[in-house]
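Chain by chain, the residues:
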Number of protein chains: 2
Amino acid sequence: MPVNPHGASTPSHDTDLPQQEASTEKQNRETAAGSAQRDRVHLRRTTQLPFTNAHGSYLLDVPFTEIPLTAVPGATPYEPFVDYCTEGPAHPTDIGLPPLRAQWIADRHDTQEYASETADPGVDKARSGQRRGADRGWRGQQRHPRRASSGACPTQRRYARQGIVTPEMAFAAEREHCSAQLVRDELAAGRAVIPLNINHPEAEPMIIGERFLVKINANLGNSQVSSSIGEEVEKLSWATKWGADTVMDLSTGDDIHTTREWILRNSPVPIGTVPLYQALEEVGQDASELSWELFRDTVVEQCEQGVDYMTIHAGVRLGHVPLTADRLTGIVSRGGSIMASWCLAHHEENFLYTHFDELCEILHNYDVCFSLGDGLRPGCLADANDQAQFAELLTLAELTEKAWAHDCQVMIEGPGHIPFDTVKANVELEKSLCKGAPFYTLGPLAMDAAPGYDHITSAIGATEAARYGTAMLCYVTPKEHLGLPNRDDVKTGVITYKIAAHAADIAKHHAGARERDDAISRARFEFRWMDQFNLSLDPDTALALHDEDQPAEPAKLAHFCAMCGPKFCAMAISQNIRDRFGDRDAQQAIVTGMSAMSILFKQSGGSVYLPAR
Amino acid sequence: MPVNPHGASTPSHDTDLPQQEASTEKQNRETAAGSAQRDRVHLRRTTQLPFTNAHGSYLLDVPFTEIPLTAVPGATPYEPFVDYCTEGPAHPTDIGLPPLRAQWIADRHDTQEYASETADPGVDKARSGQRRGADRGWRGQQRHPRRASSGACPTQRRYARQGIVTPEMAFAAEREHCSAQLVRDELAAGRAVIPLNINHPEAEPMIIGERFLVKINANLGNSQVSSSIGEEVEKLSWATKWGADTVMDLSTGDDIHTTREWILRNSPVPIGTVPLYQALEEVGQDASELSWELFRDTVVEQCEQGVDYMTIHAGVRLGHVPLTADRLTGIVSRGGSIMASWCLAHHEENFLYTHFDELCEILHNYDVCFSLGDGLRPGCLADANDQAQFAELLTLAELTEKAWAHDCQVMIEGPGHIPFDTVKANVELEKSLCKGAPFYTLGPLAMDAAPGYDHITSAIGATEAARYGTAMLCYVTPKEHLGLPNRDDVKTGVITYKIAAHAADIAKHHAGARERDDAISRARFEFRWMDQFNLSLDPDTALALHDEDQPAEPAKLAHFCAMCGPKFCAMAISQNIRDRFGDRDAQQAIVTGMSAMSILFKQSGGSVYLPAR
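All values reported here derive from a predicted model rather than from experimental measurement.

Considering the overall build of chain A
Helix and strand counts for chain A come out as 19 helices and 16 strands. Within chain A, buried positions represent 66% of all 613 residues. Restricting the contact set of chain A to residue pairs at least 6 apart, pairs at least 24 apart contribute 75%. Total accessible area on chain A is roughly 19800 Å²; 50% of this is exposed by carbon and sulfur atoms.

Structure follows, in structure tokens:
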């Protein structure tokens, strides 16, 4: 039987696959990410899932995280807690991850290798060799890029619409503890995406959609003023270790190509980019010099590298730009401002809009998922829910159907900064206009006036957004509006967004979502301190905060904490109540007590406890 | 004219008072709290508000915070931003605050001084003299306690119901920029409270109710295992500096009386307590030894000291205790567990419930506000919204009407841990059952599994709760479930809850609530970095995070930040768009561009942009 954290019956897979007991390999996650985790005991394991379809037979190694629990003397030992796992297998960074999906892709016989015509594998296109920290010539596992064979469409959407369950769908379903049928049907309907470029075979399949666990994205990437390649790769591992479901590489500085190569070859999660950033670097950062041809070549280069989804700012139409004229903060999306600038400089319609069909043809050749960018998203509450924002959304809805016609997968990006009471309407509007295409919001921030705390201002909005159906939440770190996130900021952002996603999963009554909360609450009541730490989203921080007051080891066995002290603990008192009276005695106590009260009540005329008026 | 941050017309006061320009005293807030605030420029000022009613004429010094803004060369200088102020006037801690309200109280001639019969002013009742850090014999400004003259009822509720506008109401209204009429009417209806013990004349009047700004409370207090008196007083100043509207002193260790005395004499905000904690200390922490008489004496002692509101766990009835038997985490409220323990030990009804009328008579003598405690609140999601929780709420509703009959002011405490999607129902149920008595919730936490981040898990629930009418939010710090908050935790908790309260004020469309956000957004667009920092809820942190990447002073004048670098800033590009084209030219650009597009469109047959299916 498969390990099932939710105690529910084994999910049925429409391909009628028997599941077998995992032959698991324990891997202590003290990896290159290198945190001081003396007490963290999360383990990555895999369940082996046999899978067969028309293209072949495979044994899928589906990852999960196992958290061992402390045995209570005299009681039946607790089963380990089993959780979704994003951190990927341990591996040497300078070799890269194994190509998990290579055989699945090859066996479909609808793609072929070819010699790239765009990317010079030795050098970055723009100002190469200026960055620190990693071998710029490195290309990880050398492979020729693949693309669709002539006339083929190797996208998960196409397979789903053909009724095919792919290994990717079965894999994603197993992680979600749902049926592969559900995954296939939601993909076919466009209500979910599996962002997986055929040139990123290292990635472990995952699904993004309203019917599934809420996902989170972490943005990484150097800018012109800070960070090295090595730092970005370490941030990638760090982000996935704490639970990032996808990562966007938003680098804008030098060595963009090489930085992305290191990230892709080491990433177990889908990688997103904004190709416009690289394109702008290549024209010396003068937006007016951009062209469709240059952008197209950049996109192809990234498709060949293995980018899984791309933000495309095709909704910033020329006619929308004047709608931002009276805004308090204008256009705050980099991509949006670049395209608006280009439109006005050339007095022409956005080339991403005019060439959108060509873009679809490129992206479906590699199964790259569209993330239709909200370049006109509001940058403050005052600009929220205005004409510019919704004019763009209408365009994105139009482009969604166009992309679907090419069987491309599509997500829709959303705000930004909007008042808390308008979050629900934003989500429902997107779902309605874009026919259920997964919504992918940046927060949204519920207020503007707390820089330094925008992980919190946005987690509030994000929880509300996800509750009503936003499928993926783009994290916001404490550095938002102030600078680039460092390692600590990335972790804080990821954990904060795991909170938002999890609170929303619970609010949505997602099957099994509350199991982790119940497990930690049980540990809390039984004073299993180490289990409380290990079951928490961030065991290291929980332990460290506890140890500030009570660093001694015995405190972790104590039936109290520094909050109330040894004799003043509500949980201890509450347990004592049970211990002293037992359930039956307690009931008797009540009856006896109530009888006494009854007499008192009658003596007082029966009215003393009624309101005086 | 008074300073009005919202640019609205001067609010009318029903007492028809002319308002005069403030003769203000600038006080740089580099006080005893002692933070390193080289760049923080928040200033406390006061507006003088003349006030006359049947009892006397006064010039009320109503506080506000002024934030100077940077002048943009060539433009009209911005007015300073004006905000609600909780931090109180600067003063020497060892003398205490001046008795702001002493004359107002005396002039009403419905209270009188008397020699206390309960408190021995020299010694704490239990195990005195064991703590560090402050003079245990100190009593601040020596005063006899006051209480109601025979037959009088000196509560703000009573005055309001008599149609009287008190200086306290006018003062609170001025802080809220609303009419004193509204304050009076909401008080009279029980939908708001002004928690102000006549023996805490140092406090600055403030109002808690759904129609007013959402308030936040910070819990302080030593436990048996940590902290000193001096530390608690410093935490008080620290909490009010960052925006705590009330503070609860939850001390459970030694020298409770003296600790509270130092806190009360130095507190510009209402102070709440849980008298049961002290009572339990006095019986050697054996709950079964508690009695009504001992509890009553404790309450009187605290009334005489000046405690403004008290948590009373009168809703933990004997018959409710068995309802917690099947809970995952039983009773998690300290007060709740103590009273449940007492009830079961004695097989008797809760003495707080049976003596509730006597308690009302005591509290109304001092105008101490009830905070009816939710001793049976759920301690985890699994226990949320159960019979125990709502049985207690029904009892609290009954007691609310009883307290109102005595013209006592009442708040209702609420959970705790509840799923996000059930927060709204909890608030609406409380408002309905308790006839609009202000709801005062602890968070609620929207999930259980993130110890170390419960300021965030709870701020998510708190924002939702406040949006639907919760009047005051009890903060939760990162130390929740792990230990006692230190200075940093207190600040993090307060700022996080200011975020929740503010996001809710905006969501409620509270008049003027968004002014601060608009001001900071304007500063952001104009690259007024110092204004961004100073307008933020925590200028120090915003500045510090910005300086991590760009510590040099010129960076604070720069038209970019480390996020995107100098040539890649969306705001800068967006400004350039405006600068280059101007509004009229931009319009012309669009028209020209659209004409070109129109030709292209026609050439392509007019269908190229339509979805392919």
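Here's the deal with the packing of aromatic side chains
Tallying each qualifying case throughout the model produces 18 aromatic pairs over all chains. Geometrically, the ring pair formed by B:Tyr58 and B:Trp104 is tilted, given 6.3 Å between the ring centres and 55 degrees between the ring planes. Remark: B:Trp104 occurs in helix H1 (residues 102-107) and B:Tyr58 occurs in strand E3 (residues 56-67); sequence separation between them is 46 residues. Like B:Trp104, B:Tyr58 is buried. Geometrically, the ring pair formed by B:Trp529 and B:Phe533 is tilted, given 6.2 Å between the ring centres and 40 degrees between the ring planes. Here B:Trp529 and its partner B:Phe533 are both found in helix H17 (residues 529-535), four residues apart, which amounts to about one turn of the helix. We note that B:Trp529, like B:Phe533, is buried. An aromatic cluster of three or more residues is present, and its members are A:Trp292, A:Phe295, A:Trp342 and A:Phe351. Over the face of the ring belonging to A:Trp242 we find A:Lys491, whose NZ or CZ atom lies 4.1 Å from the ring centre.

As for the side chain of B:Gln389
In this fold, B:Gln389 is placed in helix H12 (residues 387-405). What B:Gln389 contacts, discounting residues up to four positions off in sequence, is B:Arg327, B:Leu376, B:Pro378, B:Ala384, B:Pro415, B:Ile418 and B:Asn426.

Concerning the pairing of strand E12 (residues 309-312) of chain B
Regular strands place side chains that alternate from one sheet face to the opposite one. Residue and element names in this part refer to chain B. Residues of E12 alternate between two faces, with Tyr 309 and Thr 311 on one and Met 310 and Ile 312 on the opposite face, all of them buried. Two elements, E12 and strand E13 (residues 369-372), share four bridges in a ladder whose sense is parallel. Of the residues in E13, the one forming a bridge with Met 310 is Phe 370.

Here we look at the nonpolar core
Inside soluble globular proteins, nonpolar side chains tend to come together where they are buried. Within the largest apolar cluster, 260 residues are counted, with the highest numbers of intra-cluster contacts made by A:Phe370 and B:Phe370. In this structure, B:Phe370 is in contact with B:Met310, B:Ile312, B:Phe356, B:Leu359, B:Cys360, B:Leu363, B:Ala403, B:Cys408, B:Gln409, B:Val410 and B:Met411, ignoring residues within four places of it in sequence.

Details of the sheet that holds strand E9 (residues 215-220) of chain A
Residue and element names in this part refer to chain A. Ordered by their spatial adjacency, eight strands build a closed barrel running E9-E10-E11-E12-E13-E14-E15-E16, and the pairing between neighbours is parallel. Neighbouring strand axes in the sheet, compared pairwise and without regard to direction, differ in orientation by 25 degrees on average. Across the sheet, helix H12 (residues 387-405) touches strand E13 (369-372) and strand E14 (410-414), and the angle it forms with E14 is around 170 degrees.

Details of the pairing of E9(A)
All names here are of chain A. Within E9, six of the six residues are buried, leaving the element largely enclosed by the surrounding structure. With burial as the criterion, each face of E9 is covered, one bearing Lys 215, Asn 217 and Asn 219 and the other bearing Ile 216, Ala 218 and Leu 220. In this structure, E9 lies alongside strand E16 (residues 472-474), joined through three bridges in parallel fashion. The residue bridging Lys 215 from the neighbouring strand is Met 472, located in E16. Here E9 runs beside strand E10 (residues 246-249); their pairing, made up of four bridges, is parallel. Residue pairing in the sheet places Asn 219 in a bridge with Met 248 of E10.

Looking at the side chain of B:Thr422
All names here are of chain B. On the secondary structure map, Thr 422 appears in the loop between strand E14 (410-414) and helix H13 (423-433). For Thr 422, a relative accessible area of 18% puts it in the buried group. Of the polar contacts made by the side chain of Thr 422, one reaches the side chain of Asn 385; its length is 3.1 Å.

Things to note about the packing of helix H7 (residues 275-282) of chain B against helix H8 (residues 292-305) of chain B
All names here are of chain B. The N-to-C vectors of H7 and H8 enclose an angle of 125 degrees; their axes lie 9 Å apart at closest approach. By the criterion of interaxial angle, the relationship of H7 to H8 is oblique. Note on packing geometry: the crossing formed by H7 with H8 is right-handed. Residue-level inspection shows Pro 275, Leu 276, Gln 278, Ala 279 and Glu 282 of H7 in contact with H8, the latter providing Leu 294, Phe 295, Thr 298, Val 299, Glu 301 and Gln 302.

With respect to the sheet that holds strand E15 (residues 439-442) of chain B
Residues and elements named next belong to chain B. The strand order around the closed barrel built from eight strands is E9-E10-E11-E12-E13-E14-E15-E16, with neighbouring strands paired in parallel fashion. Within this sheet the neighbouring strands show an average axis-to-axis angle of 25 degrees, counted without direction. As defined by bridge partners, E13 adjoins E14 across three bridges and the pair is classed as parallel. Directly across from Ser 371, in E14, lies its bridge partner Met 411. The sheet contacts of helix H11 (residues 356-366) involve E12 and E13, and relative to E13 the element is tilted by about 140 degrees. Taken strand by strand, H12 contacts E13 and E14, and its axis lies near 170 degrees from that of E14.

Some remarks on the pattern of salt bridges
Summed over the entire model, instances satisfying the criterion amount to 66 salt bridges over all chains. As a salt-bridge pair, A:Arg487 and A:Glu234 come within 2.4 Å of each other at their nearest N and O atoms. Residue A:Arg487 is located in helix H15 (residues 487-507), and its partner A:Glu234 is located in helix H5 (residues 229-242); the two are separated by 253 residues in the primary sequence. Judged by its relative accessible area of 23%, A:Arg487 is partly exposed. Among the salt bridges present, the one from B:Arg317 reaches B:Glu349, with a minimum N-O distance of 2.7 Å. Taken as a pair, B:Arg317 in the loop between E12 and helix H9 (334-346) and B:Glu349 in the loop between H9 and helix H10 (351-354) lie far apart in primary sequence, 32 residues in all. One network of salt bridges, with partners in common, ties together A:Arg143, A:Glu202, A:Glu261 and A:Arg265.

Overview of H8(B)
Residues and elements named next belong to chain B. Relative to the 20 Å expected for 14 residues at 1.5 Å per residue, H8 spans 20 Å between its end C-alpha atoms, a close match to the ideal helical length. The element H8 is largely enclosed, with a buried count of 10 among its 14 residues. Of the residues making up H8, those classed as buried are Trp 292, Phe 295, Thr 298, Val 299, Val 300, Glu 301, Gln 302, Cys 303, Glu 304 and Gln 305. In the core, the buried residues of H8 are packed alongside helix H6 (256-265), strand E11 (271-273), H7, E12, H10 and H11.

Concerning the packing of helix H13 (residues 423-433) of chain A against helix H14 (residues 454-467) of chain A
Residue and element names in this part refer to chain A. Contact geometry for H13 and H14: axes closest at 9 Å, N-to-C directions at 45 degrees. Between H13 and H14, the angle is such that the two are oblique. Once H13 is placed against H14, the crossing between them reads as right-handed. Residue-level inspection shows Val 423, Lys 424 and Val 427 of H13 in contact with H14, the latter providing Gly 461, Glu 464 and Ala 465. For the contact of H13 with H14, a count of residues per class yields three nonpolar, one polar and two charged.

Regarding the state of the cysteines
All names here are of chain B. Enumeration over the complete set of coordinates arrives at zero disulfides over all chains. Of all cysteine sulfurs, the one in Cys 408 lies closest to Cys 360, which takes part in no disulfide; the gap is 4.7 Å. Look at Cys 360 and you get buried, because its relative accessible area is 0%.

A few points about the confidence of the model for chain A
All names here are of chain A. Summing up the model confidence of chain A, the mean pLDDT is 84 and the portion of residues at 70 or higher is 78%. Per-residue pLDDT stays below 50 along residues 1-39; that stretch engages in 95 contacts with residues further than four places along the chain or on separate chains. Two numbers describe this predicted complex: its pTM, 0.88, and its ipTM, 0.87.

Things to note about helix H6 (residues 256-265) of chain A
Residues and elements named next belong to chain A. Counted residue by residue, H6 has 10 buried out of 10 residues, so it is predominantly covered. When H6 is considered as a whole, its buried residues turn out to be Ile 256, His 257, Thr 258, Thr 259, Arg 260, Glu 261, Trp 262, Ile 263, Leu 264 and Arg 265. Considering only its buried residues, H6 is in contact with H5, E10, strand E11 (271-273), helix H7 (275-282) and helix H8 (292-305).

Cut-offs used in this document
- Residues numbered from 1 in each chain as written.
- Chains lettered and ligands numbered in written order.
- Predicted model: local features only at pLDDT ≥ 70, side-chain atom pairs only at ≥ 80, totals over all residues.
- Heavy atoms only, no water.
- Helix = DSSP H or I, 4+ residues; strand = E, 2+ residues; numbered from the N terminus.
- Buried < 20%, exposed > 50% of the residue type's maximum accessible area, 1.4 Å probe, protein only.
- Contact = heavy atoms within 4.5 Å.
- Areas by Shrake-Rupley, 256 points an atom, 1.4 Å probe, with all protein chains shown as cover.
- Phe/Tyr/Trp six-rings, centres within 6.5 Å; stacked < 30°, edge-to-face > 60°.
- Lys NZ or Arg CZ within 6 Å of the ring centre and 35° of its normal.
- Pairing = 2+ DSSP bridges.
- Core = buried A, V, L, I, M, F, W, Y, C linked by side-chain atoms within 4.5 Å.
- Axes fitted to C-alpha atoms, helices over the stretch in contact; angles between N-to-C directions.
- Polar contact = N/O pair within 3.5 Å; in protein donor to acceptor, adjacent residues only side chain to side chain.
- Parallel < 35°, antiparallel > 145°, perpendicular 65-115°, else oblique.
- Left-handed = near helix turned anticlockwise from the far one by under 90°.
- Salt bridge = Lys/Arg side-chain N within 4 Å of Asp/Glu carboxyl O.
- Expected span 1.5 Å × (residues − 1).
- Nonpolar A, V, L, I, M, F, W, Y, C, P; charged D, E, K, R; others polar.
- Disulfide = S-S within 2.5 Å.
- pLDDT = per-residue confidence, 0-100.

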